[in-house]
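# Results of the structural survey
If you want the building blocks of each chain, they are given just below.
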Protein chains: 2
Amino acid sequence: MRRRNLSRVMHTVSAEGPLSRAAVASRIGLTRAAVSTLVDELTRSGLLEELGPERPGRVGRPGSALAVSGNGPAGIGAEIGVDHLAVCAVDLRGRVRARAVRHVPNRDRAPEPVLGELTGLVHRIVAEAEDEGLWPAGLAVAVPGLVARDARTVVRAPNLGWFDTDLSALLPARFPLTVANEANFGALAELWLGADTPRDFLHVSAEIGIGAAVVVDGRLLHGNRGFAGELGHVPVWPDGPGCACGGRGCLEQYAGEEAVLRAAGLEPGEDRVGLLAGRAEQGDAGVRRALHDAGTALGIALTGAVNLLDPQSVVLGGALSGLAPWLLPSLRSELGRRTAGPACPVTVSALGPEGPLLGAAHSVVRGVLDDPATVAERA
Amino acid sequence: MRRRNLSRVMHTVSAEGPLSRAAVASRIGLTRAAVSTLVDELTRSGLLEELGPERPGRVGRPGSALAVSGNGPAGIGAEIGVDHLAVCAVDLRGRVRARAVRHVPNRDRAPEPVLGELTGLVHRIVAEAEDEGLWPAGLAVAVPGLVARDARTVVRAPNLGWFDTDLSALLPARFPLTVANEANFGALAELWLGADTPRDFLHVSAEIGIGAAVVVDGRLLHGNRGFAGELGHVPVWPDGPGCACGGRGCLEQYAGEEAVLRAAGLEPGEDRVGLLAGRAEQGDAGVRRALHDAGTALGIALTGAVNLLDPQSVVLGGALSGLAPWLLPSLRSELGRRTAGPACPVTVSALGPEGPLLGAAHSVVRGVLDDPATVAERA
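Residues numbered from 1 in each chain as written. Chains lettered and ligands numbered in written order. Predicted model: local features only at pLDDT ≥ 70, side-chain atom pairs only at ≥ 80, totals over all residues. Heavy atoms only, no water.

As recorded in an unreviewed UniProt entry, chain A goes by Xylose repressor and comes from Streptomyces pilosus. Taken from UniProt, the Sequence similarities (unreviewed entry) comment for chain A reads in full: "Belongs to the ROK (NagC/XylR) family." (UniProt positions renumbered as here; feature names shortened; annotations may be inferred.)

Pasting the structure below:
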């Protein structure tokens, strides 16, 4: 009960603060004395801060306003991309306090050197955060692949070439670790940070692969093995080209970055989205046609997904968001003409390619708000 | 709290009874006195029965064993099919106490005469149930179409020709009414009555249309408008024949009953499943090929669904279960060859075509167990 009340205080102050003790008490329906005890504990462990007396002019003794700490625990988010590594630190107020991105070709690179390099970046960001008075409450890592329900093991990340890889053995043991698919973290970022994000939506993101995350009533749908959301392997043209998954004509074969580059007659290089977006912007007819066709394939696969899930909206996030201007027209028209009645709205994430990284860091922050007692004990 | 404890007593006795008051008390962690008060209330309103003293030979005063009533409330389930109407009454013990099926061509028939005829059947079944000492606690109606979240309005049942039809105005107002898609009730029947049904599965059923229900962690996924599970309109061959939904090449165009009959060169008659199963059994090569191809189309659509949802299994129910022997080989092989690693298991419902009707009746029974207080007040 105490643990639960600590969490209610944290969530209330986080969502509505700065608030006085009395305001917190009235919002969560506890006595002021009970709230004071909880607040003292949270202040002692650095999760809440007193901002000093409220502005005068009110009736009664001035209360001190409380806010979640800007100098307490931080969520460390990391992303392993096919050609980049990124790490950031987010404080309890949701501000990014440190951030590093390194462009590295990770394709078919063994896990050890990749995670060694990532660990270096993590240490750098943690050091920067510590210089600012923060301390790491946990590390969450977004990967472009399927993650087991243990939230540690990458079962299959074909574009990295990793199979059944336990990341926990290769990352610093200093803080609690959570590993998840990048589309899942992207969807959580959308849910937590997006404006007017519905509670039921499908979040689609892409790098070389195409991933999706299904959010139902504000929660991720994980699936039996944790593999839900594999939109990239929905068959689009069943007799189409073979795919690494064993199937044929999967969405990834038409709308994955490499497929689009191939269709446009371009060499796959490092900044594939930048290359495609740049060419499309310049009016390159081949690139525009390739993106138009990718949008059509996305529209067909999403027609199936929308029929199965009936979401409130589809959100294009991650790397896909940068290509949205050229994908959306054919995507929406395909979805529209295959749907009786109004088609499901398709929007573009305002978080852009940063979504998964932010979602990872914020998942740690959310963990602190959900269970401040455990964090306080570790502090 | 009282309402909740009444429900806990009902669920405990339903799942494990006959039980003594003491056994109920120990299972739900209340005092024997508290349980006695609850039991008295449930017995008075006819939801529980005393079976008389437990067999002697035990230490202490013999307690009377409690069971859920076999002569109290009954769930009335009904099904509106494209060519049949069915109604049944199920008691709190889950036994079917009365049942009627009438074969009627409902295709493109206006709602008024269909529901008039259904009301007649409902009255007949209610009268039979009442003759046995039961009383109707509610009516649940399974329909082959999309139902709004109000659980009253059929938004679209193209094979009946019904659009935006509020069934509550056309059915007896005597008891609480719930209307749902037949695949949803079929899935609930599977969940409640099936042996070893997992908590995460996809239930596929068919008449002329093909419907599915998604069960996640033991609960139906409804979707934003209540339309989740429209497997029949997942595109299989995107350039295929046009469909009433506005799409092209939807699963229904390959695996719906009429599509299979057409492919086999047969006229659509009344007992379409019986006709197809009979011919297939006799070795009719055309029918077997048509069912083989339907299984392939189902396998392609299910590959997409399994990739998106990662269920523990797929269950073929409703009318599809009767055709399973000829659908399954190509369905499984298609799903297998399109899946990396072990393919999702596909099983056949043991409830067969009765699933949706039973699910409807049992949903009323579950409602009584979940909220006995409300039912007792109405008794």
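### So, the confidence of the model for chain A
In this model, chain A carries a mean pLDDT of 91, and residues with pLDDT of at least 70 account for 97%. Within chain A, no element has a lower average pLDDT than helix α12 (residues 372-378) of chain A, which sits at 80, and none a higher one than strand β4 (residues 84-91) of chain A, at 97. (pLDDT = per-residue confidence, 0-100. Helix = DSSP H or I, 4+ residues; strand = E, 2+ residues; numbered from the N terminus.)

### Examining the relation of the copies chain A and chain B
Relating one copy of the chain to the other takes a rotation about an axis and a shift parallel to that axis. Rotating chain A by 180° about the axis while translating it 0.0 Å along that axis superimposes it on chain B, leaving an RMSD of 0.1 Å. Accordingly, the operation relating the two chain copies is best matched by a two-fold axis. Taking C-alpha positions as reference, the residue of chain A nearest the rotation axis is Trp237 of chain A, located at 3.1 Å. (Least-squares fit on C-alpha atoms with pLDDT ≥ 70 in both.)

### Observations concerning the domain arrangement of chain A
Residue and element names in this part refer to chain A. We note that the domain assignment places domain 1 (2-68), domain 2 (73-183 + 356-378) and domain 3 (196-349) within chain A. Centre-to-centre, using C-alpha coordinates, domain 1 lies 31 Å away from domain 2. At the junction of the two partners, domain 1 supplies 15 residues and domain 2 supplies 13 residues. When domain 1 packs against domain 2, close to 1100 Å² is buried across both sides, 59% of that on carbon and sulfur atoms. Linking domain 1 to domain 2 there are two salt bridges. Put simply, domain 1 and domain 2 have six residue pairs in polar contact (both at pLDDT 80 or more) between them. For the side of domain 1 that touches domain 2, the secondary-structure elements that each account for two or more residues are α1 (2-16), β1 (48-53) and β2 (64-68). The dominant element in the side of domain 1 that touches domain 2, judged by the number of residues it contributes, is α1, at seven residues. Grouping the constituent residues of the side of domain 1 that touches domain 2 by class yields seven nonpolar, five polar and three charged. (Domains from an automatic or database assignment. Contact = heavy atoms within 4.5 Å. Buried area = accessible area lost by both parts, 1.4 Å probe. Salt bridge = Lys/Arg side-chain N within 4 Å of Asp/Glu carboxyl O. Polar contact = N/O pair within 3.5 Å; in protein donor to acceptor, adjacent residues only side chain to side chain. Nonpolar A, V, L, I, M, F, W, Y, C, P; charged D, E, K, R; others polar.)

### As for the side chain of Asp91 of chain B
All names here are of chain B. Mapping Asp91 onto the fold places it in strand β5 (residues 85-91). Taking relative accessible area as the criterion, Asp91 reaches 0% and is therefore assigned buried. At 2.8 Å, the side chain of Asp91 forms a polar contact with the backbone nitrogen of Arg93. Side chain to side chain, Asp91 and Arg97 meet in a polar contact 2.7 Å long. Every residue in contact with Asp91, bar those within four places of it in the chain, is listed here: Gly70, Pro73, Ala74, Arg97, Leu134 and Val365. (Buried < 20%, exposed > 50% of the residue type's maximum accessible area, 1.4 Å probe, protein only.)

### Notes on helix α5 (residues 182-193) of chain A
Since the α-helix turns once every 3.6 residues, residues separated by three or four places project in the same direction. All names here are of chain A. For α5, which comprises 12 residues, the first-to-last C-alpha distance of 16 Å matches the rise-based estimate of 16 Å (1.5 Å per residue) to within 8%. Across the 12 residues of α5, 10 count as buried, placing the element largely inside the fold. Of the residues that open α5, the one with a side-chain oxygen 2.7 Å from the backbone nitrogen of Ala183 is Asn181. (Expected span 1.5 Å × (residues − 1).)

### Let's talk about the nonpolar core
Counting residues in each nonpolar core, the largest one holds 94 residues, and the members touching the most others are Val204 and Leu231 of chain A together with Val204 and Leu231 of chain B. In this structure, Leu231 of chain A is in contact with Val204, Ile210, Ala212, Leu251, Ala301, Leu302 and Ala305 of chain A together with Leu308 of chain B, ignoring residues within four places of it in sequence. (Core = buried A, V, L, I, M, F, W, Y, C linked by side-chain atoms within 4.5 Å.)

### Structural notes on the packing of aromatic side chains
All names here are of chain A. Applying the stated criterion across every chain, the model contains two aromatic pairs over all chains. Taking the centre distance of 5.2 Å and the plane angle of 70° together, the rings of Trp237 and Tyr254 count as edge-to-face. Here Tyr254 lies in helix α6 (residues 252-255) and Trp237 lies in the loop between β13 (219-220) and α6, a separation of 17 residues in the sequence. (Phe/Tyr/Trp six-rings, centres within 6.5 Å; stacked < 30°, edge-to-face > 60°.)

### Here we look at the pairing of strand β10 (residues 162-166) of chain B
Residues and elements named next belong to chain B. Bridge count for strand β9 (residues 153-157) against β10 is four bridges, and the pairing is antiparallel. Its bridge partner lying in β10, Arg156 is registered against Phe163. Two successive antiparallel strands, β9 and β10, enclose a turn made up of four residues, where Gly161 displays a positive phi of approximately 85°. (Pairing = 2+ DSSP bridges.)

### Considerations on the interface of chain A and chain B
With 40 residues of chain A at the interface, the matching set in chain B holds 40 residues. For the pair chain A and chain B, the summed buried area comes to about 3300 Å², and 54% of that belongs to carbon and sulfur atoms. Taken as a group, Leu308, Asp310 and Arg338 of chain A account for 23% of the area that chain A buries against chain B, more than any other trio of residues on that side. Counting across the chain A and chain B interface gives two salt bridges. A salt bridge links Arg225 of chain A to Asp310 of chain B; the nearest nitrogen and oxygen atoms lie 2.9 Å apart. The interface formed by chain A and chain B holds 20 residue pairs in polar contact (both at pLDDT 80 or more) in total. Secondary-structure elements contributing two or more residues to the side of chain A that touches chain B are β12 (210-216) and α9 (285-309) of chain A. Considering each element in turn, the side of chain A that touches chain B owes the most residues, seven residues, to α9 of chain A.

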